[in-house]
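Structural overview for review
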Amino acid sequence: MNGDTVDSCLVLVGQVVGKEVTTVEGLKNGSDGMHPIQKAYVEAGAVQCGFCTPGMVLSTKALLDKNPNPTEEEIRVGISGNLCRCTGYTKIVDAVRLASGEVKK
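Residues numbered from 1 in each chain as written. Predicted model: local features only at pLDDT ≥ 70, side-chain atom pairs only at ≥ 80, totals over all residues. Heavy atoms only, no water.

What to know about helix α2 (residues 53–66)
Think of an α-helix as 3.6 residues a turn; residues three or four steps apart then line up on the same face. The end-to-end C-alpha distance of α2, which contains 14 residues, comes to 20 Å, matching closely the 20 Å that a straight helix rising 1.5 Å per residue would cover. The inward-facing, buried residues of α2 abut α1 (36–43), α3 (72–78) and α4 (90–103). (Helix = DSSP H or I, 4+ residues; strand = E, 2+ residues; numbered from the N terminus. Expected span 1.5 Å × (residues − 1). Contact = heavy atoms within 4.5 Å.)

Some words on α1
Within α1, burial applies to Ile37, Gln38, Ala40 and Tyr41. Within α1, the buried residues cover an arc of 160 degrees as seen down the axis, which keeps them to one side. Contacts from the buried residues of α1 go to α2 and α4. One or two positions beyond α1, positive phi appears at Gly45, with a value near 70 degrees. (Buried < 20%, exposed > 50% of the residue type's maximum accessible area, 1.4 Å probe, protein only. Arc of directions from axis to C-beta.)

Digging into the pattern of salt bridges
Counted according to the given criterion, the structure contains four salt bridges. Its salt-bridge partner being Asp65, residue Lys61 comes within 2.8 Å of it at the nearest N-O pair. One end of the pair is Lys61 and the other is Asp65, both in helix α2 and four residues apart, which spans about a single turn. Taking the relative accessible area as the measure of exposure, Lys61 reaches 22% and is therefore partly exposed. You can call Asp65 exposed: its relative accessible area is 51%. The network of salt bridges with shared partners includes Glu72, Arg76 and Arg97. (Salt bridge = Lys/Arg side-chain N within 4 Å of Asp/Glu carboxyl O.)

Spelled out as structure tokens, the structure:
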């Protein structure tokens, strides 16, 4: 919401009035409809069950919008509001690194 990640389950509808809200579906672009961040997650093998993926992708976008070249520690802090039970976060960190190179272009 307005470029920051929020817990959608804790946001009341009245809180979004007049604000910009981006969902994972709103990231679609290009001929295949995938945002470079989404492509990086697929290429890095960071999507397994898919439960955490939308939140991770949006947290990655918020991070890279503010810091296009984050360190590993900054990446881990940037995605820290999301829980993943499948990947152990290594592939997700790899995906963010990969996306940072793509998003700069």
